[in-house]
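The lines below spell out each chain.
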Amino acid sequence: WERNNRPDLYRNTYKFQTAADYPCMKLTGKPVTDFSNASLIGIAFDIVNRRWDKGLIEELGLDPDKFPEAYACDEVIGEVTREAAERTGLAPGTPVVAGTVDCNAAWVAGGAITSGSTQLVMGTAGVLGVVHDEPKFTKDMITIVHTADSQRLYTTLAALVSCGALVRYFRDTFGHLEMAAQQMAGVNAYDLINEEAKHVPPGSAGLITLPYFMGERTPIWDTHARGVLFGLSLDHGRGHVIRSLMEGAGFGLLHNFELMQASGIKMDLPIILSEGGANSAMWRQIIADILNVECALAVSSKGAPVGNAVAAGVGVGIYKNYEVVRDWVQLGTHAIPNSENHARYRKLYAIYRDLYPAVKDLYTRLAAAIQQ
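How each quantity is defined
- Residues numbered from 1 in each chain as written.
- Predicted model: local features only at pLDDT ≥ 70, side-chain atom pairs only at ≥ 80, totals over all residues.
- Heavy atoms only, no water.
- Salt bridge = Lys/Arg side-chain N within 4 Å of Asp/Glu carboxyl O.
- Helix = DSSP H or I, 4+ residues; strand = E, 2+ residues; numbered from the N terminus.
- Buried < 20%, exposed > 50% of the residue type's maximum accessible area, 1.4 Å probe, protein only.
- Contact = heavy atoms within 4.5 Å.

(A) Examining the pattern of salt bridges more closely. Tallying each qualifying case throughout the model produces 13 salt bridges. Across the salt bridge formed by Lys198 and Glu195, the nearest N and O atoms sit 3.5 Å from each other. Of this pair, Lys198 and Glu195 both sit in helix H10 (residues 189-198), separated by three residues, roughly a single helical turn. Across the salt bridge formed by Arg238 and Glu196, the nearest N and O atoms sit 2.9 Å from each other. A residue pair is termed long-range when its members are at least 10 positions apart, and Arg238 in helix H11 (residues 238-263) and Glu196 in helix H10 qualify at 42 residues. Note on Arg238: relative accessible area 31%, which makes it partly exposed.

Below, the structure written as structure tokens:
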């Protein structure tokens, strides 16, 4: 796109960088990337051999010299320069490791360091990842090099654009009373929102949400897709909408989960849930019921920053390996799937799957209609 649309900028570019690579370059003066981020750049990165495919790059009409050299995620790529030290306060000469992708780092912090580890990060986005050591690729999913043992391991991941963002959207748009109560009485607004949804039965009385509020990544890859509340009636209240938003994210995860299962990737149970929406016991149960698998809360997970710190520690020898995280990870309550709820969700899920194909063409027309 840059070559075709901004040819002067493309021609004058020395190296391509991701947003993650840029601060490493500013610290060390070296414009490099890591295996994990190179995987996400995607174009012409040979994920099996961990190198750029020069022949493919040239076939695409691009310049191989503009692609950054790729390193293992925990490999030291350089040191903090004197200029960077003056600007940041870091000690000059401090080693800098290549780094990794945010979800990979979060999974490391949650203990996902061996083949079969399966975790779901329920942050703004919903990212379900499975670590594996064979180069298996699931259609319509994302496969990237994993942080831990990045010379050997992969992560296949499903990525919903909106997960925790759905409930945050409801809170920010319709939860003014809950926000006021939080400010005045110190009561968590999300707890109040959850309490309202608890009185709604599984299935939200037939209210089904397509969770594509900001388009969608896996598995439909549609930038034009938008949210849909299907089946809305005068019998539905706020609680129904809240629960339906949670269930819509669950249906989106199930769509991906089924594709992962069909590919034969080994997935260890329980699925470990962390961050954001995982703090809701009701939402954890909804996920367990929809997927029909046991789920557990990672109560001690500190998220991506800790995973990045562990990678840095391994890279400079502070930690012998990634096994150190096993001593930190603590699992909280387990959500056991309810067979009756799952049977109800299966019926609604069949309708959910038919909804997107029914409105897909309308999304494109809507995008064209609102263009200025």
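Back to the text.
(B) Summary view of helix H7 (residues 102-109). With seven of eight residues buried, H7 is to be regarded as a mostly interior element. Three or more residues of H7 are buried, namely Cys103, Asn104, Ala105, Ala106, Trp107, Val108 and Ala109. Those residues of H7 that are buried are in contact with helix H4 (35-41), strand S7 (118-122), strand S8 (126-132), strand S9 (142-145), strand S10 (154-160) and helix H13 (304-316). Once H7 finishes, Gly111 follows within two positions and takes phi at roughly 100 degrees, a positive value.

(C) The arrangement of the environment of Leu245 in detail. Following the sequence through the fold, Leu245 ends up in helix H11. Linking Leu245 and Val310, residues 65 residues apart in sequence, is a C-alpha distance of 35 Å. Contact partners of Leu245, with chain neighbours within four places excluded, come to Leu166, Phe170, Thr209 and Phe213.

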